[in-house]
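Fold and geometry: a report
These are the residues of each chain, in order.
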Amino acid sequence: MSWSMSNMARFKRIAANAARGAAYRVAKSAPASPLMVYVEVTRQCNLRCRHCGIWKTWQGKQATGEVEASVLVGVLGGLARKGLAAVDLFGGEPLMRPDLEKIVSGLKEAGLHVTVTTNGTLLDVARAGSLLEAGVDQVLVSVDGPWQEVHDELRGRKGTLDKAVAGARAFSAAAGGAARLGFNTLVCRQNFHLLAETAALASSAGASQMRLLPYHQCYPFNQLGQDDALLPGPGELGRMKVALAHFAHKAAKLGLSTNGRTYIDGIVPWFAGKPRSAPCMAGITVCDINAFGDVYPCYTRGMPAGNIVQRPFDEIWRGDTMEELRRKTIGCRGCWQSCYIEPGLRLSPAAAARDWRALLRDVREYLG
């Protein structure tokens, strides 16, 4: 089979999944597989972030319980033949997993688009080279501001901003355009006024995109406590709205791709306690797998539908528990998480029409 025929067959499978996902509310029939799977490859982390307590849930003995690379590759590779388009490997800190490159290369051999989301502090020339050799398509580095006193304080370790930016630059230079670099940026009380400056830093480091992630107090990242000081006060929301508009303008001027306009416009209402209604794709076109194999249609709810070490993914995906959880997400306003909300916006005719450039970007990125 030629590459073009293989690529066309893959496109058809993914398009069919997208269509069934968009029609789920009417047909109540789930796609053959998710379009995107977020995989927490480890709970280990070398930072102590204020907005994420996942490091508190990890103990050394748990490392032996993390899903083996061969299992992850086998499950996700099988889904690629049913219409899975992309996988995002995160943590914890994924670079602390020694067989990360084995996972990346296995997923690439299956024809998947692979992203690694990292805090960047362990990313150097050598690790950038090994990730690129494994075939990684994109690395997202978490950077929460252009100033050490902001980023380092949020991340719980001094010197993390310098290390993260150095890691981002090392990857960008090593990739030479063969893979994409992006920034993930928390949006909270301490840094919303710095988003435009952070976009400038992202561009200077060689990033082609910057994704905003508003602070959430939900499972699994904050199951052992939340930090209310990260939430903007009512009197700050007007300034946040202006800052977000300034960021969007700056990102466009720099040529950085970012969240869709509809999503960005919903960040302030989320913090105001008046989340906008959006079609949620949790358990329909997107799902999560944690470090121990539990499958979550939606991490925010904290309810797994099964475990890939114990049961076949298809059995979990088609099972009654997953279907019950899917239906509970319809009309849910429990979060404004980009990973769940934005896929729904992409498949919403009104939002897609407004953000058609973002839609085309996603098609090029994941299907190109």
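Residues numbered from 1 in each chain as written. Predicted model: local features only at pLDDT ≥ 70, side-chain atom pairs only at ≥ 80, totals over all residues. Heavy atoms only, no water.

Attention shifts here to the overall build of the chain. Tallying secondary structure elements over the chain gives 16 helices and 9 strands in all. Taken against the 2.2 N^0.38 rule, which gives 21 Å for 368 residues, the C-alpha radius of gyration of the chain at 19 Å falls within 12% of a compact globule. Seen along its three principal axes, the alpha-carbon backbone of the chain occupies a region of about 50 × 45 × 45 Å. The buried share among the 368 residues of the chain stands at 56%. For the chain, restricting intrachain contacts to residue pairs at least 6 apart in sequence, the fraction spanning at least 24 positions comes to 74%. (Helix = DSSP H or I, 4+ residues; strand = E, 2+ residues; numbered from the N terminus. Rg over C-alpha atoms; globule rule 2.2 N^0.38 Å. Buried < 20%, exposed > 50% of the residue type's maximum accessible area, 1.4 Å probe, protein only. Contact = heavy atoms within 4.5 Å.)

Pairing is possible between side chains of opposite charge, provided their charged atoms come close. All chains considered together, the criterion is met by 14 salt bridges. Residue Arg 50 pairs with Asp 227 through a salt bridge whose shortest N-O separation is 2.7 Å. On the criterion of sequence distance, the pair formed by Arg 50 in the loop between strand E1 (36–40) and helix H3 (69–80) and Asp 227 in the loop between strand E6 (209–214) and helix H9 (237–254) is long-range, its members being 177 residues apart. Residue Arg 50 is classed as partly exposed on the basis of its relative accessible area, which comes to 25%. For Asp 227, a relative accessible area of 18% gives the class buried. One salt bridge in this structure joins Glu 236 and Arg 239, with 4.0 Å as the shortest N-O distance. (Salt bridge = Lys/Arg side-chain N within 4 Å of Asp/Glu carboxyl O.)

Quick look at the sheet that holds E1 now. Spatially, the 9 strands line up as an open sheet ordered E6-E5-E4-E3-E2-E1-E7-E8-E9, and their pairing is mixed. Since the sheet does not close on itself, it has two edges, and those belong to E6 and strand E9 (306–307), each with one partner. (Pairing = 2+ DSSP bridges.)

Right, let's talk about the environment of Glu 197 for a bit. One can find Glu 197 in helix H8 (residues 195–204). You can call Glu 197 partly exposed: its relative accessible area is 39%. Each C-alpha atom of the pair Glu 197 and Met 8 lies 41 Å from the other, and the pair is 189 residues apart in sequence. Once residues lying within four places of it in the same chain are set aside, the contact partners of Glu 197 are Pro 146 and Trp 147.

So, about the state of the cysteines. Evaluated as defined, the whole model comprises 0 disulfides. No disulfide involves Cys 188; its sulfur sits 11 Å from that of Cys 49, the nearest cysteine. For Cys 188, a relative accessible area of 0% puts it in the buried group. Unpaired in terms of disulfides, Cys 332 finds its nearest cysteine sulfur in Cys 280, a separation of 6.1 Å. (Disulfide = S-S within 2.5 Å.)

Moving on, we get to unusual backbone geometry. Cis peptide bonds are those with omega within 30 degrees of zero, and the linkage from Gly 91 to Gly 92 qualifies with 25 degrees. Looking at the secondary structure, you find Gly 92 in the loop between strand E2 (86–90) and helix H4 (100–109).

Turning our attention to the layout of surface pockets. What the second largest pocket holds in volume is close to 590 Å³. What lines the second largest pocket is a set of 23 residues, and nearest its centre among them are Ala 248, Asn 259, Gly 260, Arg 261 and Ile 264. Broken down by element, the lining of the second largest pocket gets its largest block of residues, 6 residues, from H9. Class assignment for the residues of the lining of the second largest pocket results in 11 nonpolar, 4 polar and 8 charged. (1 Å grid on protein atoms, 1.4 Å probe; cavity = no way out; pocket = protein on both sides within 12 Å on 5 of 7 lines; lining within 4 Å. Points joined across faces, edges and corners; volume = space filled by probe spheres on them. Nonpolar A, V, L, I, M, F, W, Y, C, P; charged D, E, K, R; others polar.)

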